[in-house]
Amino acid sequence: MSLPHSDDLYKHIAQPPPDFSKVPPLFRSTPLMRHHNASKPRLIKETTVTKPQNNTKHTSLKLSGSKPIPTFNKQATFDTSELTKLLGEIMEEKLQQLKKDEIERTEVIGGNQVLANPVQNELKRELEKVESELKLNNEKIKNIEMEKQSILFENESLKNQLNVLKRTVETTNGNWEMEKQMNVNAQNKIQELLETIQSLNKQNNFLQSELEKIEDKLIHSEKERRKLHNEVMELKGNVRVFCRVRPPLKNEGISVDVTDNNAVIVNSINFSGKKEKIKFGFDRAFDSDSTQQDIFEEISQLVQSSLDGYQTCIFAYGQTGSGKTYTMEGTNDKPGMIPLTVHKIFTTIEELKTLGWQFKINVKYVEIYNNNIFDLLVNGEESKKLQIKYNGPLVILPEANVIEVFEAEEVDHLINIATRNRAVAATKCNAQSSRSHSIFMMDLCGRNIGSNEQRFGGLTLVDLAGSERLDESGAKGERLEETKNINKSLSALGDVIVAIANKDSHIPYRNSKLTELLQNCLGSDSKTLMFVNISSDQQDTLETISSLRFATKVNTCVIGTAKRHVQ
Ligand SMILES: Nc1ncnc2c1ncn2[C@@H]1O[C@H](COP(=O)(O)OP(=O)(O)OP(=O)(O)O)[C@@H](O)[C@H]1O
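Per chain, residue numbering runs from 1 following the sequence as it is written. In keeping with the predicted nature of the model, local features appear solely for residues at pLDDT of at least 70, side-chain atom pairs appear and are counted solely at 80 or more, and the whole-chain, interface and lining totals rest on all residues.

A. Summary view of the overall build of the protein chain. Helix and strand labels come from DSSP, where a helix needs a run of H or I of at least four residues and a strand needs a run of E of at least two; each type is numbered from the N terminus. Scanning the protein chain for helices and strands turns up 12 helices and 17 strands. By the burial criterion, 30% of the 567 residues in the protein chain qualify as buried. Partitioning the contacts of the protein chain with sequence separation of at least 6, the portion at a separation of at least 24 is 71%. A residue is called partly exposed when the number of other C-beta atoms within 10 Å of its own lies between 12 and 20, exposed at 12 or fewer, and buried at 20 or more, with C-beta atoms placed from the backbone. Residues are treated as contacting if the C-beta atoms built from their backbones sit within 7 Å of each other.

Now the structure itself:
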């Protein structure tokens, strides 16, 4: 009798899980040896079966009288519990058979319970061997079961991972498609933009050349404009006189009329007591209704001249209380010529920037009191006397504070400081009378960044101290000294203008600090505008006539063609 070797048995078990669905139900569910046949079942030798599909040989166990143990199928699902049960049943059956054989053999011997027969011993050894093999196989099956569980678990985990990877690949594919499309769109857009840039570059080059042509034309027309402007100014006269009539302060009758915008008629009484009308002609005459703006419109062209590189000077002359300070400085709500001029300069500079002009503006503000020059741009401390020096033909004040300004508001602030510092003394004639000449100076240095042309212009605005006839003022002591100095300097101013008008070889600038300081802007190189301010009050008639005579003298003065300071 030959039993299957345990290794052979294990060989079948160690194969991949068999597919029991392909095993006939009989072998999967029927307990093999539960219904014994009449003949005793025996474990018989191995049978070899060749599978037609792949010619592989399979070995199966078979018990006599029992159903054959199913052939192992590599493709089949592996059900170890079924196999264990099957093997158990085989072993059990074999054991029973051995026991039965032993009993039969014992009976053969004749009822003697003797077992010492060699066949019996061999069977016993066989039994023990089979039993130990069974045990061993059971353990191997257990291990295989565990390994199977682990493989199943790993398989499940790999399946999950595979699913995740599949989804990731799907998503990535979707994203990649989307990005591919976006990339195509972006490349199209870039192409479009490149084409636009190219076309814009072409346009730009064209416009650039057009711009250069226009700039050339502009520079040319700017030069033309300056030339024409200057010709107009020269035709108008480099020294012009405007007369402004102050509204009456007292209700005593008006002694002055303005006609034709350029003539002033004074109603007076002559020495013989007869009424007479004295007429004075000027470049412009403004009646008492004229506003600050009306007047500024007429002088604003001088601002352009100063930016064009000319020295310009505007001064206000007139008796005390005639409205000089009102005209030059004005009030907060009715700004005068100085603040209006400053604002105009800054707006014009802004416009000139588009033509490549850049300006540096320095401001000085001084007063002349008792023929001494004092700085008005001092903060708190007492102003010391300033000395006039010469830089070639140019008059300079090296000790004066020079403030560079960048906007009109800064100048407004400086004017406020100067107004506070200005010496104001009460006199019999006017409790608010200014007893000094105030002189506001702006140096305008322009440079054109395109043509590198440079211009050095200047604007001087002078509020002269009130002219007074000594017998009228009744001044004594310090006030008398002030009045004398004022009148002396005003007289010197008249003399200088007359000397210039007469083309005298000597111009007496140095007769007073006023004329000496105004030298830069009183002469052939400059454009001068004088306001003669007069009172319309009847009681001021004599002073009015005196002022108008002085102004007429200036008005007839023809100063030579102004020179522009350019490099
Ligand atoms: N055109 C005007 N319209 C209205 N008020 C004016 C006008 N001119 C002058 N005034 C007023 O007359 C007064 C005297 O004017 P202002 O102080 O300007 O004279 P002034 O000539 O500067 O005197 P002084 O020589 O003493 O300095 C001020 O109250 C001023 O407001």
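The structure having been displayed, the exposition proceeds.
B. Focus on the environment of asparagine 448. With respect to the helices, strands and loops of the structure, asparagine 448 is situated in strand β15 (residues 437–448). According to the C-beta neighbour criterion, asparagine 448 is partly exposed, with 16 such atoms within 10 Å. Between the C-alpha atoms of asparagine 448 and glutamine 358, which are 90 residues apart in sequence, the distance is 6.3 Å.

C. Representation of the sheet that holds strand β4 (residues 256–259) in the model. One requirement defines pairing of two strands: DSSP has to find at least two bridges between them. One open sheet holds the 3 strands; their spatial order is β4-β5-β6, and the pairing between them is antiparallel. Two strands close off the open sheet at either side, each with one partner strand: β4 and β6 (275–281). The average angle at which neighbouring strand axes cross in this sheet is 25°, direction not considered. Summarising the sheet, β4 and strand β5 (residues 263–269) pair through 4 bridges and their orientation is antiparallel. In the sheet register, aspartate 257 faces β5, and the bridge partner there is isoleucine 265. The axes are straight lines fitted to the C-alpha atoms, using for helices just the contacting stretch, and the angles between their N-to-C directions are given from 0 to 180°. Helix α12 (residues 541–555) rests against β4, β5 and β6 of the sheet, and its axis sits at about 140° to β5.

D. Layout of helix α7 (residues 337–353). Multiplying 1.5 Å by the residue count of a helix minus one yields the expected span of that helix. For α7, built from 17 residues, the straight-helix expectation of 24 Å at 1.5 Å per residue is met to within 8% by its first-to-last C-alpha distance of 24 Å. Every buried residue of α7 is listed here: Met337, Ile338, Leu340, Thr341, Val342 and Ile345. On its buried face, α7 is in contact with α5 (292–307), β8 (311–318), α6 (324–328), α8 (408–421), β15 and β16 (454–463).

E. Layout of the nonpolar core. By size, the foremost hydrophobic cluster in this structure holds 76 residues, and its most contacted members are Cys243, Tyr317, Met530, Val532 and Ala551. Looking at this core element by element, the count peaks at 8 residues for strand β9 (residues 357–369). Setting aside residues no more than four positions away along its own chain, cysteine 243 makes contact with Val264, Phe282, Ala285, Phe286, Val532, Ile534 and Ala551. Nonpolar cores are identified as sets of buried Ala, Val, Leu, Ile, Met, Phe, Trp, Tyr and Cys residues joined via C-beta atoms within 7 Å.

F. Here's a closer look at the pairing of β8. Most of β8 is tucked away, with 8 of its 8 residues classed as buried. Side chains Gln311, Cys313, Phe315 and Tyr317 project from β8 onto one buried face, and the interleaved Thr312, Ile314, Ala316 and Gly318 project onto a second face that is buried too. The sheet contact formed by β8 and β16 spans 6 bridges and is parallel. Each residue of the ladder has a partner; that of glutamine 311, found in β16, is glycine 458.

G. Summary view of the packing of α5 against α7. Two numbers describe how α5 lies on α7: the axes approach to 9 Å, and their chain directions differ by 50°. Considering the angle they form, α5 stands oblique to α7. Of the two elements, α5 crosses α7, and the hand of that crossing is right-handed. Contacts from Gln292, Phe296, Ile299, Ser300, Val303, Gln304 and Leu307 in α5 reach Met337, Leu340, Thr341, Lys344, Ile345, Thr348 and Leu352 in α7. Residues belonging to the contact of α5 with α7 are distributed by class as follows: 8 nonpolar, 5 polar and 1 charged. When an angle is under 35 degrees it counts as roughly parallel; over 145 it counts as roughly antiparallel; between 65 and 115 it counts as roughly perpendicular; any other value is oblique. By convention the crossing between two helices is left-handed if the near helix lies anticlockwise of the far one by an angle smaller than a right angle, and right-handed if it lies clockwise. Residue type decides the class: Asp, Glu, Lys and Arg count as charged, Ala, Val, Leu, Ile, Met, Phe, Trp, Tyr, Cys and Pro as nonpolar, and the leftover types, Gly among them, as polar.

H. Representation of α8 in the model. End to end, α8 covers 20 Å across 14 residues, agreeing with the expected 20 Å (1.5 Å per residue, within 8%). Buried within α8 are the following residues: Val411, Ile415, Ala418 and Asn421. The buried residues of α8 occupy an angular sector of 125° when projected down its axis, which confines them to one face. Pointing more than 90 degrees away from the buried face of α8 are the exposed residues Glu409, His413, Asn416 and Arg420. Taken together, the buried residues of α8 touch α7, β9, β14 (403–405) and β15. Regarding the arc, it is the one traced by the directions from the helix axis to the C-beta atoms.

I. Focus on the pairing of β15. As judged from the 12 bridges shared by β9 and β15, these two strands associate in the antiparallel manner. Along β15, the bridge assignment pairs valine 366 with isoleucine 439. Inspection of the sheet shows β15 paired to β16 by 10 bridges, in the antiparallel sense. By the bridge assignment for β16, phenylalanine 440 is matched with leucine 461. The hairpin turn running from β15 into β16, its antiparallel successor, is 5 residues long, and asparagine 452 in that turn takes a positive phi close to 65°.

J. Looking closely at the confidence of the model for the protein chain. Confidence of the prediction at every residue is given by pLDDT, a number between 0 and 100. In this model, the protein chain carries an average pLDDT of 78, and 75% of its residues clear a pLDDT of 70 or more. Mean pLDDT values over the elements of the protein chain span from 39, in helix α2 (residues 25–29), up to 95, in β14. Scored below 50 in pLDDT, residues 423–433 makes 30 contacts in the model with residues more than four places away or belonging to other chains. Two summary scores accompany this predicted model of the complex, namely pTM at 0.61 and ipTM at 0.98.

K. Spatial organisation of unusual backbone geometry. In this model, asparagine 261 sits at a positive phi of 60°, which is unusual for a non-glycine residue. Looking at the secondary structure, you find asparagine 261 in the loop between β4 and β5. Even without being glycine, asparagine 452 reaches a positive phi, approximately 65°. Counting through the fold element by element, asparagine 452 comes out in the loop between β15 and β16.

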